[in-house]
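Examination of the molecular architecture
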Amino acid sequence: MTTYRDFSLTHRGSARATVLRTIGTRERRSHLTAPRVPTVGIDIGGTKVMAGVVDADGNILEKIRTETPDKSKSPKVVEDTIAELVLDLSDRHDVHAVGIGAAGWVDADRSRVLFAPHLAWRDEPLRDALQSRLAVPVMVDNDANTAAWAEWRFGAGRGEDHLVMITLGTGIGGAILEGGQVKRGRYGVAGEFGHMQVVPGGHRCPCGNRGCWEQYSSGNALVREARELAAADSPVAHDIIARVGGNVHEITGPLITELAREGDAMCVELLQDIGQWLGVGIANLAAALDPSCFVIGGGVSAADDLLIGPARDAFRRHLTGRGYRPEARIAKAQLGPEAGMVGAADLARLVARRFRRATRRRVERYERYAQFGRRGAAGPEDQDQQ
């Protein structure tokens, strides 16, 4: 005889997939009634893994971070790191769900990372791998999607119905949000703006192509240009060479930004170059998508107007129909590098609600089944007494 437990185990996997597929069409309404419970958000980039407990108002209760394991190692190494961070936070917080913002292409069901240029994930079943290890529901999405959701809910994109998010970090991520819904595309990989080809035959990109936008306007592009000048012992690189003691590999994006703020001419120029390429790409996106607002986030956006000022200028110069059409607003993300983590946690809260409802229904059905079983098993004397 098939028991309720057998039925539950058989259908749990398919039910979970069905629940996750329904979230996208109901996000705008759902977040208003999602359970106000703490959830964990995970932001996985090419250089760091950040985890935090986030409440229903977007406040970070606690966060921890570690370096991303070397990408040449097996995917399980990264999964081990994520599980360790979640379990660490769970020791101090009542966590109800986990949301993961992954730097890669996530399928439409938000269960598998199809491809991650800066990690060793290739068609990786990340959600199920972690779900089997953690005692709470897990949601996986692209990190730019989670950042855009956070900025729309709690940051620079509040009140916008047509929002495009650009995240500048190791590479370039992107996301589209219309009418309170993240537009993921038919296969879940919409918004990969960083891999638009802007220079045919240009710099090689980790994705396998040449001339991708992120090779000219990203943290990697910024550091590459500075290191090349320093390695060539260029006179304009004197200050940064002195700062790193001649060790070119110690040149980082934050150091370039720091020197630019101190007035170093080379670092200012490098950020201007990155900003101009950013503006060109934004103008192309405006021609295709016509949003009301572009939000610029990611670690490189910490350069503020050293980067965004040149981007705005280049955007106005390259905008199709300039002077005869409304210009989209370009704003710096307000949530900083935590945006992806906060958004992942907030989207996971929607999954937590549906799983709580599903669990409650399963419990109610089980109680009815158990009650019926007790009545059916009662002997004639017991039935007479009833």
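Data block above holds the structure.
The rules behind the values
- Residues numbered from 1 in each chain as written.
- Predicted model: local features only at pLDDT ≥ 70, side-chain atom pairs only at ≥ 80, totals over all residues.
- Heavy atoms only, no water.
- Helix = DSSP H or I, 4+ residues; strand = E, 2+ residues; numbered from the N terminus.
- Axes fitted to C-alpha atoms, helices over the stretch in contact; angles between N-to-C directions.
- Parallel < 35°, antiparallel > 145°, perpendicular 65-115°, else oblique.
- Left-handed = near helix turned anticlockwise from the far one by under 90°.
- Contact = heavy atoms within 4.5 Å.
- Nonpolar A, V, L, I, M, F, W, Y, C, P; charged D, E, K, R; others polar.
- Polar contact = N/O pair within 3.5 Å; in protein donor to acceptor, adjacent residues only side chain to side chain.
- Phe/Tyr/Trp six-rings, centres within 6.5 Å; stacked < 30°, edge-to-face > 60°.
- Buried < 20%, exposed > 50% of the residue type's maximum accessible area, 1.4 Å probe, protein only.

Looking now at unusual backbone geometry. For Arg110, which is not glycine, the phi torsion reads 55° and is therefore positive. Among the structural elements, Arg110 can be located in the loop between strand S5 (105–106) and strand S6 (113–115).

At their nearest, the axes of helix H9 (residues 265–289) and helix H10 (residues 305–318) sit 7 Å apart, and the two run at 40° to each other. If you check the angle between H9 and H10, you find them oblique. Helix-helix and strand crossings are classified by hand; for H9 and H10 the assignment is right-handed. Where H9 approaches H10, its residues Leu271, Gln272, Ile274, Gly275, Gln276, Leu278, Gly279, Val280, Ile282, Ala283 and Ala286 are matched on the opposing element by Leu306, Leu307, Pro310, Ala311, Ala314, Phe315, Arg317 and His318. Classifying every residue of the contact of H9 with H10 by side-chain character gives 13 nonpolar, five polar and one charged.

Another aspect to go through is the side chain of Lys48. On the secondary structure map, Lys48 appears in strand S2 (residues 48–54). In terms of polar contacts, Lys48 uses its side chain to reach the side chain of Asp43, at 3.1 Å. Residues contacting Lys48, with those up to four places away along its chain left out, are Asp43, Arg65, Thr66, Glu67 and Thr68.

Quick look at the packing of aromatic side chains now. Counting across every chain of the model gives four aromatic pairs. Measuring from centroid to centroid gives 5.2 Å for Trp149 and Trp152, while their planes differ by 50°, and the two rings are tilted. Here Trp149 pairs with Trp152, and both are found in helix H5 (residues 143–154), just three residues apart, close to one helical turn. The exposure class of Trp149 is buried, given its relative accessible area of 0%. With a relative accessible area of 10%, Trp152 lands in the buried category.

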